[in-house]
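A structural walkthrough
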Amino acid sequence: MRDLLFRNLLRKPLTEAPPECDDRALTELAAAVDRAARRRVGRSLAIRQVDAGSCNGCELEIHALNNAYYDLERFGLRFVASPRHADVLLVTGPVTKNMREGLERTYAATPNPKWVVAAGDCARDGGCFAGSYAVVGGVAEIIPVDLHIPGCPPSPTALLQGLIALVEKSTRGVQ
Ligand code: SF4
């Protein structure tokens, strides 16, 4: 027993190493989203996340944008609690039958101009849940989608790149 205790005290923890992250690239990406948003809406972006039936893998990556490591708020990008305060609806998951009405009502409650981003493979076409009795399909089958960010789940960096592409695309549209 004592040997086992000593061995465990000296052994490294059996956890995976954290993923590599280029902090400078991340900072540039987030700053680019903020610049593009200020050009388009005159202020930073407000994002409302909607889980339309996801397995929560996508949410973990989205939450990572707010953790101490990525700390998205330092660039002025905010997640808001109400669709009435949102510019962007960031929707994850296949849309389940139970969430269909909630998604439609959230979309209706979001003021114009608004954008819808479908995040993750399930949000595109139902992904691995397609064909389930409980699933309606991808987000675009329920509400108009401006951008799809692929991945299962998409990484925080991919989410930021998607937001830049979205705002840049809409900025070109109004010029
Ligand atoms: S795309 Fe992947 S991580 Fe996201 S909800 Fe679907 S299965 Fe889960």
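Residues numbered from 1 in each chain as written. Predicted model: local features only at pLDDT ≥ 70, side-chain atom pairs only at ≥ 80, totals over all residues. Heavy atoms only, no water.

**Some thoughts on the site of the ligand**
- Taken together, Ser54, Cys55, Gly57, Cys58, Asp121, Cys122, Cys128, Gly151, Cys152 and Pro153 are the residues near the ligand.
- Going through the elements one at a time, α3 (57–64) and α5 (121–125) are the ones with two or more residues in the shell around the ligand.
- Along the lines of polarity and charge, the residues of the shell around the ligand split into 6 nonpolar, 3 polar and 1 charged. (Near = heavy atom within 4 Å. Helix = DSSP H or I, 4+ residues; strand = E, 2+ residues; numbered from the N terminus. Nonpolar A, V, L, I, M, F, W, Y, C, P; charged D, E, K, R; others polar.)

**Observations concerning helix α4 (residues 97–109)**
- Considered for burial, the residues of α4 that qualify are Leu103, Thr106 and Ala109. All buried residues of α4 lie within an arc of 125° about the axis, which places them on one face of the element. For α4, the exposed residues set more than 90 degrees away from the buried face come down to Lys97, Arg105 and Ala108.
- Buried residues in α4 make contact with β1 (46–51), β3 (88–92) and β4 (95–96). (Buried < 20%, exposed > 50% of the residue type's maximum accessible area, 1.4 Å probe, protein only. Arc of directions from axis to C-beta. Contact = heavy atoms within 4.5 Å.)

**Observations regarding the pairing of β1**
- Strand direction decides the pairing type here: β1 and strand β2 (residues 78–79), joined by 2 bridges, are parallel. In the sheet register, alanine 46 faces β2, and the bridge partner there is arginine 78.
- Between the parallel elements β1 and β2, the chain passes through α3 in a crossover that is right-handed.
- For β1 and β3, the ladder comprises 5 bridges, and the chain directions are parallel. Residue pairing in the sheet places valine 50 in a bridge with valine 91 of β3. (Pairing = 2+ DSSP bridges. Right-handed = clockwise from strand over helix to strand, strands pointing away.)

**Points about the environment of tyrosine 70**
- Counting through the fold element by element, tyrosine 70 comes out in the loop between α3 and β2.
- On the basis of relative accessibility, which here comes to 13%, the residue tyrosine 70 falls in the buried class.
- Each C-alpha atom, one on tyrosine 70 and one on proline 156, is 8.2 Å from the other, the two residues being 86 residues apart in sequence.

**Overview of the pairing of strand β5 (residues 115–119)**
- Among the 5 residues in β5, 5 count as buried, and that is most of the element.
- Here β5 shows two buried faces, one formed by Trp115, Val117 and Ala119 and the other by Val116 and Ala118.
- As defined by bridge partners, β5 adjoins strand β7 (residues 147–149) across 3 bridges and the pair is classed as parallel. Following the sheet pairing, valine 117 is matched in β7 by leucine 147.

**Considerations on the side chain of threonine 110**
- Here threonine 110 lies in the loop between α4 and β5.
- If we ignore the near neighbours within four places in the chain, the residues touching threonine 110 are Pro83, Ala86 and Leu89.

**Section: the packing of aromatic side chains**
- Across all of its chains, the model carries 0 aromatic pairs by this definition.
- The ring centre of tyrosine 107 lies 4.0 Å from the NZ or CZ of lysine 114, which sits over that ring. (Phe/Tyr/Trp six-rings, centres within 6.5 Å; stacked < 30°, edge-to-face > 60°. Lys NZ or Arg CZ within 6 Å of the ring centre and 35° of its normal.)

**Structural notes on a nonpolar patch on the surface**
- On the surface, Met1, Leu4 and Leu5 cluster together to form a nonpolar patch covering roughly 350 Å² of accessible area.
- Mapped onto the secondary structure, leucine 4 falls in helix α1 (residues 2–10).
- With a relative accessible area of 39%, leucine 4 lands in the partly exposed category. (Patch = residues over 30% accessible without salt bridge, like charges linked within 9 Å, V, L, I, M, F, W, Y side chains within 5 Å. Areas by Shrake-Rupley, 256 points an atom, 1.4 Å probe, with all protein chains shown as cover. Salt bridge = Lys/Arg side-chain N within 4 Å of Asp/Glu carboxyl O.)

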